[in-house]
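# A closer look at the structure
What follows is the residue order along each chain.
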Amino acid sequence: MAVLLAAPGAWAAGRCGKHPWCNRSLGPAARAALLEKALTSEEKIDLLAGDDLFGVGGGAHMHTGTSDGVPRVGLPTTYYSDGPVGPRQGQATALPIPLGLAATFSPQLAFRHGDVAANEAKSKGNDVIFAPTVNIMRTPLNGRTFEGYGEDPYLDSRLAVGWIKGAQSEHVIADVKHYAGNKQEGADPSGESGHPGSPLGAEPFGSRYIVNDHIDERTFREIYLPHFEAAVKDAHVGTIMCAYNLVNGFYSCENHHLLQTILEHEWGFKGYVLADYGAAHNAAASLNNGLDFEPWPGFAYAPPQVHIALATMQATQAQVNAHVGRVLRTLFAYGFFDRRAFRDDDAQIPKKAHARTADRIEESAITLLTNRRRALPLKARRLHTVALIGAGADGFTTGGGSADVKPFSFVSPRQAIAKRLGKRVKIRYADGSDHEAAVAAAKGADVAIVIPADYLTEGADRSCLTLECPNAHGDQDGLIEEVAAANRKTIVVLETGGPVLTPWRNKVRALLEAWYPGEQGGTAIARVLFGGADPGGRLPATFPKNEGDIPTAGDPAKYPGLGKDVYYKEGVLVGYRWYDAKRIAPAFPFGSGLSYTHFAYRNFRVRRRGVGARVSFTVVNTGRRRGSDVPQLYLGLPQPGPNVIQPPRQLKGFRRLTLGPHKKKRVTLTIDRRALSYWNTGANGWRVAPGCYRVMLGHSSRNIARQIIMPFAGGSCRQTVAVLVGGR
Ligand code: BGC
């Protein structure tokens, strides 16, 4: 009926044609229902699984996934590509890694990162991008640490939302992954795996393919789900990828609690659930519990498997219809039918503009961890000889697996520094493989810049936290020690995919963390070293002093697991929450990072608003240079019961801003009901505990400048006090 009532123009340009479901004045659900009914049972069964086994190879013009359309009804083929650093299909703009993006603490830059990645995925003919990766870093040993946004669920959520909005602004559908758990790839204590080029997934202990994550409901809700929830509710992500591992006894892709109770019913997710590659196991369990699509052919949703499930009445055709309906609804909702097919042609990519974005993000991601005697920024005109040493100095550093991107072009630190210094300054370069040569280069140079690199990859966890795991570039810690002994003015620029141990940190003048810096990394690193830009990053993950300090250390039940079982015994004490609660001093805390100038926070006010509050303060650049700051708002929640342990501090707000010398800015942040809430397992819901709360404003999680203690939810404090804790 509605078809007849359609307004003229309702069948506007696109590739849908004149079918009833092409009527754009109908909603996506109605259109999907019409198309679903026009398909035969066999066609629908075919649509449950993908059609390309080899696209995962990542070659030019190869899509990571393909779902063939149905020409009979004009349903076009859907194309999928990895991933969170850019498309994995031939060459692409290699952006800084997501952990570096997280260090910017900037949802705006996350939007631009997502926009670039999706624009390129689209220019390579893809409709869906398998990204972002939002899994929380439970252990820094995880091989995929570089792909995610670090250890804090609030930071993770804000960045995920920015990224997804950026990606979907390109009319590409984002795919938030991996739901849920998925905190480890697998351990190989021999340290043999995880090298560049070694096979994925050969680890003997705690492999992602088989582990069963035991996570209590409160920890799950407070630490491991908020970013998925934000992706659904705030960013309206189109698809979600269920993970390899089991959660509390059930595979993620057939987990009723995850897929039905939480995702669909509580969060109201209307998009579709697709399986990680090889993560779907059983057709009937998947059909019953909420898996809509399996992008790789041949596993649970291979037509013979589905037929068996239907014939044995373990599943129904109505379920098949519903899953296909969700896929179609999403495609309609995100404009797939009402536009032309995206063309696979790199010539469409604005490579220069994308390179500038990569550069801008990296500049804001580089994190200054120590700066003794104001060694940085370097003054080029005072230099005559510079020693440049290490695996990252002249190579392209990035991680492996589905987030590996082959860059269109690449500027190394060596090239960028040489360009900056010109011919007047002599650069002595040593790749660091020969320590004697490196020491000789460093001796007598005005400054020695060491740029070590590590290698993290999907499919294998690192076997230790030093720069030697995996040992892709020799003894880099020893190299730094020897160079620092040979040259008092040694500066280290790390290119790592996550936290590493820094046993030499007190022996070097300055330490920068540049992450895997993307294709413009050299340019951004050189600009920061020589003061053309402020190092804008803040740590999205704690850098521990010792490997034994990390939350999962010392108990195989926690990591890598006992047999198949991994127990999240640390509960909500993940990342800095652990170090704070256990009073362990980290090498560099979450949220820390220096600027070349100084910032002070003044006139800190907290005003109640409804259940929550509005926090305001003035940020003042008290130095003589322009610089970037990230004031951070932490809350200390009261303990509502003996078994509900509350971490001393939890990040609940932040703002990145750049200020000229002596400039100031008033910042307002909101504390809403959710920020004050904890998950009450008995009540199966979020609750605000009546009691006394600490509202803290910090330069980092360990450098709190202002604190106000006040009651919420009808609780009481002996007094409402403002305490100056430290800082300027
Ligand atoms: C990864 C996913 C990725 C997929 C396709 C899997 O091994 O876990 O993140 O999207 O491969 O490459």
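Above this text you will find the structure in question.
Let us look at the structure shown here. Here the structure is a predicted model, which is why all the values come from computation and not from measurement. (Residues numbered from 1 in each chain as written. Predicted model: local features only at pLDDT ≥ 70, side-chain atom pairs only at ≥ 80, totals over all residues. Heavy atoms only, no water.)

Turning our attention to the state of the cysteines. Following the criterion strictly, the structure yields four disulfides and no others. Here C16 is linked by a disulfide to C22, with a sulfur-sulfur distance of 2.0 Å. Linking C16 and C22, the disulfide has an S-S dihedral of approximately -75 degrees and is accordingly described as left-handed. The pair C16 / C22 is uniform in exposure class, with both members buried. Across the disulfide, C464 is cross-linked to C469 (sulfur-sulfur distance 2.1 Å). Given an S-S torsion of about 100 degrees, the disulfide between C464 and C469 has right-handed geometry. For the pair C464 and C469, a shared accessibility class is recorded, and that class is buried. Once the disulfide-bonded cysteines of the protein chain are ranked by sequence position, their pairing pattern turns out to be 1-2, 3-4, 5-6, 7-8. (Disulfide = S-S within 2.5 Å. Buried < 20%, exposed > 50% of the residue type's maximum accessible area, 1.4 Å probe, protein only.)

Another point: the packing of helix α6 (residues 153-168) against helix α8 (residues 226-233). Remark: α6 packs on α8, axes separated minimally by 8 Å, with the N-to-C direction vectors making an angle of 30 degrees. When the axis of α6 is compared with that of α8, the two are roughly parallel. Of the two possible hands of crossing, α6 and α8 adopt the one that is right-handed. On α8, the residues touching P153, D156, S157, R158, V161 and I164 of α6 are P226, H227, A230 and A231. A per-class count over the contact of α6 with α8 returns six nonpolar, two polar and two charged. (Axes fitted to C-alpha atoms, helices over the stretch in contact; angles between N-to-C directions. Helix = DSSP H or I, 4+ residues; strand = E, 2+ residues; numbered from the N terminus. Parallel < 35°, antiparallel > 145°, perpendicular 65-115°, else oblique. Left-handed = near helix turned anticlockwise from the far one by under 90°. Contact = heavy atoms within 4.5 Å. Nonpolar A, V, L, I, M, F, W, Y, C, P; charged D, E, K, R; others polar.)

Moving on, we get to the environment of W504. Structurally, W504 is set in the loop between β16 (490-494) and β17 (510-513). C-alpha of W504 to C-alpha of V492: the two residues are twelve residues apart in sequence and 9.9 Å apart in space. Setting aside anything within four residues of it in sequence, one finds W504 in contact with L467, D477, I480, E481, V492, L494 and L511.

The analysis is restricted to geometry; functional conclusions fall outside its scope.
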